[in-house]
Amino acid sequence: MTIITLATDFGLRDEYVGVVKGAVLAVNPRAVIVDLCHGIRPQNIAEAAYMLKASWHYFPSGTVHVAVVDPGVGTDRDIIAVQCGGHLFIAPDNGLLWPLIQRYAPEEIRRVENRSLFRQPVSRTFHGRDIFAPVAGYLANGIALETVGERMNADGVTPMEERWQVRVTNGVIHGAVVSVDRFGNLVTNIALDDIEHLDPERVAVTVARRRIEGLEMTYAGHDTETPMVLPGSRNCLEIAVNCGNAAKRLRIGSGEPVTVSAS
Amino acid sequence: MTIITLATDFGLRDEYVGVVKGAVLAVNPRAVIVDLCHGIRPQNIAEAAYMLKASWHYFPSGTVHVAVVDPGVGTDRDIIAVQCGGHLFIAPDNGLLWPLIQRYAPEEIRRVENRSLFRQPVSRTFHGRDIFAPVAGYLANGIALETVGERMNADGVTPMEERWQVRVTNGVIHGAVVSVDRFGNLVTNIALDDIEHLDPERVAVTVARRRIEGLEMTYAGHDTETPMVLPGSRNCLEIAVNCGNAAKRLRIGSGEPVTVSAS
Amino acid sequence: MTIITLATDFGLRDEYVGVVKGAVLAVNPRAVIVDLCHGIRPQNIAEAAYMLKASWHYFPSGTVHVAVVDPGVGTDRDIIAVQCGGHLFIAPDNGLLWPLIQRYAPEEIRRVENRSLFRQPVSRTFHGRDIFAPVAGYLANGIALETVGERMNADGVTPMEERWQVRVTNGVIHGAVVSVDRFGNLVTNIALDDIEHLDPERVAVTVARRRIEGLEMTYAGHDTETPMVLPGSRNCLEIAVNCGNAAKRLRIGSGEPVTVSAS
């Protein structure tokens, strides 16, 4: 009865997610499959990466997390399986698991290359169905991680593209908006962990040439006009407007640089 | 194997619903979680309230229904748990459960205040994950309802905002459009129960200065030009256009007043 | 623990899919329900038909597939249950199962007419909840297919509307775009099976007065400007633009005729 979560950029308009579930159940009919998120913007590896880094630990130990945002599908990019914090992760080796690997020291990383675990024939366009689904199904069924392929070091994992990394320069933290949620909140990749050395009342956030001082703790605690910064649902800094849409108010979206410093 | 349904205004674009499921499964890995509806318009308590009132009884007895439309999250609004008709309901005490409580006499109502059932730490912005999910998980696992907190009377429950209530004045029933569905059908909060004293052929509905007489029984039975009224999928009055979009045709939406009288 | 898949044009904005699941679980609390696809365009029978024809076999043997795109709900159209390839299918008899029946020789076809299996009262507008859901629940629970109603021949099944059929005239294959997916890929109803007598390098596809020669095997293998044709995720011909949106580029959508010939 192991849980498998799915995070993709497939959306829910088409049958793609449904077919992935069929391919999981075909090898493991007892798997409990949970949709983590299928609304990742097409091919936006960073959005999936920081979402997953913030979400996995809410699931029970032993959960298998599958993340498929895979612009390189059908090329020779690798697929990796990572054991970390008692959970398992499977994703293309394109940076998607890099923030998680940097933050949490994984117990084990392996290349997924054992073709006997794949659905046959393997298509060139839909590895979610033909590789990720059956491999996750078998792992949730208890096969040993070493079955999937050769071990590798964390150093060998493809890093996140630099503009999506969180960096610290001269005490200033540089990050970016990585998601715009349903409510128009601008979710950054800067976790509370990243600013724990700063006094919350003296934090200054700069985004779109606007400087916002101090952290709020609730949406309702702020006026309904000016943007505020608060620790959002992901435990990351979030730029929001109380009862309003920050993305529309500030006219910015995913990719916008954000900096944090002590005021 | 108890069933837990989720109704929220979180949408499915983000990971919020997925994370709530993780937090349920973390305390109750055997829960069967069903998405009832996540397309409630942001912060539209009335839409969730009438949807839930119309939907819960299609599920098996013993189901736990979680409804989170919660503009007051992080403030001192209460959360309530209600036993009614052999089902359990958990929601913010903001009017969401009021129509259901008025219509069906609940067996028991309790404030949810036992912090030992909450996920720690409890955030200020995401009680769906930190309070509703674990409490539902424990209740589905069979803990006694009295565990969650003190008993209260139905009188103490926060009422639905008046403009969203169904009222009868001088024999005229006053309600409102509470949902616009995917097909553009205008779904009201006026249940068939509310008009059972009227002859269906002599019902007159007034909406947007237009008077529509008589109830249709199927979409296909009416012409494709003029709006009709029929008992919709929720057993509530619905204004629809056969093969068309009533919301666009009439240029109205949620909140539009609707009156029903005998013609 | 039998699996039931759901394919509808209900969308996920409303509670309709959630309520169908409730009605399944009410008769079979152990059913494992999988959303195959709810993004079928309203009343687009062909889109559902070719999606289902391409998807069912990824699920384990014994799966029950429910498909509800049903403009004739509440009229006297029939509902049919089909056993085919070790799977079961339930849908309105409006052409939806016709492509599947033509391609795979079904073992048995029956009209669904045993009202003792229906939820009572049966509404005129929501057979998904009142008929399809409980019948699927009972079938997944193991009742004999003959319980649902009288046997019928494949000849008696309502055919797909002609403009949505795949036809061959003078060696030219005539099909159509049946879906536009999230990525803007134009998915046709022409399966690889339908062109297996042609040399992939010498296939010529004509769509919207544009002639495209040869099949690509991956998205990434083509330039990012011109449309290409490749066997898509459904094993059907798909017109796509690498990292782009073919529907927007070509300004066409569902229903657009597509022809295939040897170049």
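Computed from a predicted structure; not experimentally measured.

Engineer: Mind showing me how you'd approach the overall build of chain A here?
Structural biologist: When helices and strands are counted, chain A shows five helices and 15 strands. The C-alpha atoms of chain A give a radius of gyration of 19 Å, which matches the 18 Å a tight globule of 263 residues would have. Overall, chain A is about 55 × 40 × 35 Å in size when its C-alpha atoms are taken along their principal axes. If you sum the accessible surface of chain A, you get close to 10100 Å²; carbon and sulfur atoms cover 46% of it. Taken together, the 25 basic and 30 acidic charged side chains of chain A have centroids lying 5 Å from each other.

Engineer: Any chance you could explain the pairing of strand β15 (residues 257–262) of chain B here in plain terms?
Structural biologist: In regular strands, side chains alternate between the two faces of the sheet. All names here are of chain B. Judged from the four bridges that link them, strand β9 (residues 172–180) and β15 form a sheet pairing that is antiparallel. When the bridges of β15 are listed, G175 appears paired with V258. Of the pairings in the sheet, the one linking strand β11 (residues 203–207) to β15 comprises five bridges and is antiparallel in character. Looking at β15, one finds that T206 is bridged to T259.

Engineer: Please clarify how the relation of the copies chain C and chain A should be interpreted in this entry.
Structural biologist: Copies of the same chain, two in number, are related to each other by a rotation about an axis and a translation along it. In screw terms, the move from chain C to chain A is a rotation of 120° and a rise of 0.0 Å along the axis, fitting with an RMSD of 0.0 Å. The superposition of one copy onto the other is thereby described by a three-fold rotation axis. When each C-alpha of chain C is compared by its distance to the rotation axis, L12(C) comes out closest, at 5.0 Å. Counting the interface residues of chain C, we find that no more than 10% of their copies in chain A are interface residues as well, pointing to two distinct contact surfaces.

Engineer: How do you make sense of the side chain of Q165(C) when you look at a structure like this?
Structural biologist: All names here are of chain C. As for its placement among the helices and strands, Q165 is situated in the loop between β7 (151–152) and β8 (167–169). Within the structure, Q165 has its side chain in polar contact with the backbone oxygen of M160 (distance 2.8 Å). In this structure Q165 touches Y50, W98, P159, M160, H174, G175 and N189, once residues within four positions along its chain are discounted.

Engineer: Looking at this structure, how should I read the interface of chain B and chain A?
Structural biologist: By a frequent convention, interface size equals the accessible area lost on bringing the separate parts together. In this complex, chain B contributes 30 residues to the contact, which on the side of chain A involves 30 residues. Carbon and sulfur atoms make up 59% of the area that chain B and chain A hide from each other, which totals about 2500 Å². A per-residue breakdown of the area chain B buries against chain A is headed by R13(B), E15(B) and T125(B), which together make up 25% of the total. Inspection of the region where chain B meets chain A yields one salt bridge. Where R234(A) meets E15(B), a salt bridge forms, and the shortest distance between an N and an O atom there is 2.5 Å. Inspection of the chain B/chain A interface yields nine residue pairs in polar contact (both at pLDDT 80 or more). Residues that form the side of chain B that touches chain A fall into these classes: 11 nonpolar, nine polar and 10 charged.

Engineer: Help me understand unusual backbone geometry in this model?
Structural biologist: Glycine aside, a negative phi is what most residues show, and trans is what most peptide bonds show. Between Q120(A) and the following residue, P121(A), the backbone shows a cis peptide bond with an omega angle of -5°. Among the structural elements, P121(A) can be located in the loop between β6 (108–111) and α4 (127–140). Despite not being glycine, N170(C) shows a phi value in the positive range, around 50°. Position of N170(C) among the secondary structure elements: in the loop between β8 and β9 (172–180).

Engineer: Even after reading the chapter, I still don't get the sheet that holds strand β3 (residues 64–68) of chain B, so can you show me in this structure?
Structural biologist: Pairing is mixed across the open sheet formed by seven strands, whose spatial order is β2-β1-β3-β5-β4-β6-β7 (chain B). The outermost strands of the open sheet, each flanked by one partner alone, are β2 (32–37) and β7 (151–152) of chain B.

Engineer: Can you help me understand the packing of helix α1 (residues 16–27) of chain A against α4(A) in this one?
Structural biologist: Angle between the axes and distance between the axes are the two parameters that describe a pair of packed helices. All names here are of chain A. Contact geometry for α1 and α4: axes closest at 8 Å, N-to-C directions at 40°. Taken together, the axes of α1 and α4 lie oblique to each other. Judged by the twist between their axes, the crossing of α1 over α4 is right-handed. Within the contact between the two elements, α1 uses V19, V20, A23, V24 and V27 and α4 uses G128, R129, A133, P134, G137 and Y138. Of the residues assigned to the contact of α1 with α4, the class counts are eight nonpolar, two polar and one charged.

Engineer: Help me out: how do you make sense of the sheet that holds strand β3 (residues 64–68) of chain A in this one?
Structural biologist: In sheet architecture, strand pairing relies on hydrogen bonds along the backbone and comes in two forms, parallel and antiparallel. Residues and elements named next belong to chain A. The strand order β2-β1-β3-β5-β4-β6-β7 describes an open sheet built from seven strands, whose pairing is mixed. Only two strands of the sheet have a single neighbouring strand rather than two, namely β2 (32–37) and β7 (151–152). As defined by bridge partners, strand β4 (residues 79–84) adjoins strand β5 (residues 87–92) across six bridges and the pair is classed as antiparallel. Residue pairing in the sheet places V82 in a bridge with F89 of β5. Across the sheet, helix α2 (residues 45–55) lies against β1 (3–8), β2, β3 and β5, angled at about 125° from β2, the strand it touches most. In this fold α4 packs onto β1, β3, β4 and β5, with an angle of close to 170° to the strand it touches most, β3.

Engineer: Can you walk me through the confidence of the model for chain A in this structure?
Structural biologist: Where the model shows low pLDDT, its predicted coordinates should not be examined in detail. Of the residues in chain A, 100% have a pLDDT of 70 or more, and the chain-wide mean is 95. Scoring of the predicted complex yields 0.96 for pTM and 0.96 for ipTM.

Engineer: Help me understand the interface of chain C and chain A, please; the structure alone is not making it clear to me.
Structural biologist: Across the boundary between the two partners, chain C contributes 30 residues, which contact 30 residues of chain A. The largest contributions to the chain C side of the interface with chain A come from Y58(C), R182(C) and S233(C), which together make up 29% of the buried area. The interface formed by chain C and chain A includes one salt bridge. Here chain C is connected to chain A by nine residue pairs in polar contact (both at pLDDT 80 or more). Secondary structure elements with two or more residues in the side of chain C that touches chain A: β2 (32–37), α2 (45–55) and β13 (228–231) of chain C.

Engineer: Could you clarify how one ought to interpret the state of the cysteines in this entry?
Structural biologist: Working definition of a disulfide: a covalent bond connecting the sulfur atoms of two cysteines. Tallied over the entire structure, the rule returns zero disulfides over all chains. Considering cysteine sulfurs only, C236(B) is the nearest to C37(B), which forms no disulfide, with 14 Å between them.

Engineer: Whenever I open this one, the relation of the copies chain B and chain A confuses me. Can you help?
Structural biologist: The transformation that overlays chain B on chain A combines an axial shift of 0.0 Å with a rotation of 120°, and the residual RMSD is 0.0 Å. A share of only 10% of interface residues in chain B that are also interface residues in chain A marks the association as one of differing surfaces.

Engineer: Would you explain the environment of A67(C) in this entry?
Structural biologist: Residues and elements named next belong to chain C. Note that A67 resides in strand β3 (residues 64–68). Along the primary structure A67 and F132 are separated by 65 residues, whereas in three dimensions their C-alpha atoms are 8.5 Å apart. Apart from residues no more than four positions distant in its own chain, A67 is found in contact with A7, L52, I90, A91, P92, L96 and F132.

Engineer: Quick question: what am I supposed to make of the packing of aromatic side chains here?
Structural biologist: Geometry of an aromatic ring pair is reported as the spacing of the ring centres plus the angle between the planes. Taken as a whole and judged by the stated rule, the model has 15 aromatic pairs over all chains. Seen from their ring centres, W56(B) and F89(B) are 5.6 Å apart, and the 80° between their planes marks the pair as edge-to-face. Residue W56(B) is found in the loop between α2 (45–55) and β3, and its partner F89(B) is found in strand β5 (residues 87–92); the two are separated by 33 residues along the sequence. Comparing W56(B) with F89(B) shows no difference in burial state: the two are buried. Centroid distance W56(B) to Y104(B): 5.1 Å. Interplanar angle 85°. Geometry classified as edge-to-face. Of this pair, W56(B) sits in the loop between α2 and β3 while Y104(B) sits in the loop between α3 (98–103) and β6 (108–111), and the two are 48 residues apart along the sequence. One aromatic cluster in this structure is built from F10(A), Y16(A) and F126(A). The side chain of R103(C) reaches across the aromatic face of Y104(C), ending 4.5 Å from its centre.

Definitions and limits used
- Residues numbered from 1 in each chain as written.
- Chains lettered and ligands numbered in written order.
- Predicted model: local features only at pLDDT ≥ 70, side-chain atom pairs only at ≥ 80, totals over all residues.
- Heavy atoms only, no water.
- Helix = DSSP H or I, 4+ residues; strand = E, 2+ residues; numbered from the N terminus.
- Rg over C-alpha atoms; globule rule 2.2 N^0.38 Å.
- Areas by Shrake-Rupley, 256 points an atom, 1.4 Å probe, with all protein chains shown as cover.
- Lys, Arg positive; Asp, Glu negative; His and termini not counted.
- Charge placed at Lys NZ, Arg CZ, Asp CG, Glu CD.
- Pairing = 2+ DSSP bridges.
- Least-squares fit on C-alpha atoms with pLDDT ≥ 70 in both.
- Contact = heavy atoms within 4.5 Å.
- Polar contact = N/O pair within 3.5 Å; in protein donor to acceptor, adjacent residues only side chain to side chain.
- Buried area = accessible area lost by both parts, 1.4 Å probe.
- Salt bridge = Lys/Arg side-chain N within 4 Å of Asp/Glu carboxyl O.
- Nonpolar A, V, L, I, M, F, W, Y, C, P; charged D, E, K, R; others polar.
- Axes fitted to C-alpha atoms, helices over the stretch in contact; angles between N-to-C directions.
- Parallel < 35°, antiparallel > 145°, perpendicular 65-115°, else oblique.
- Left-handed = near helix turned anticlockwise from the far one by under 90°.
- pLDDT = per-residue confidence, 0-100.
- Disulfide = S-S within 2.5 Å.
- Phe/Tyr/Trp six-rings, centres within 6.5 Å; stacked < 30°, edge-to-face > 60°.
- Buried < 20%, exposed > 50% of the residue type's maximum accessible area, 1.4 Å probe, protein only.
- Lys NZ or Arg CZ within 6 Å of the ring centre and 35° of its normal.

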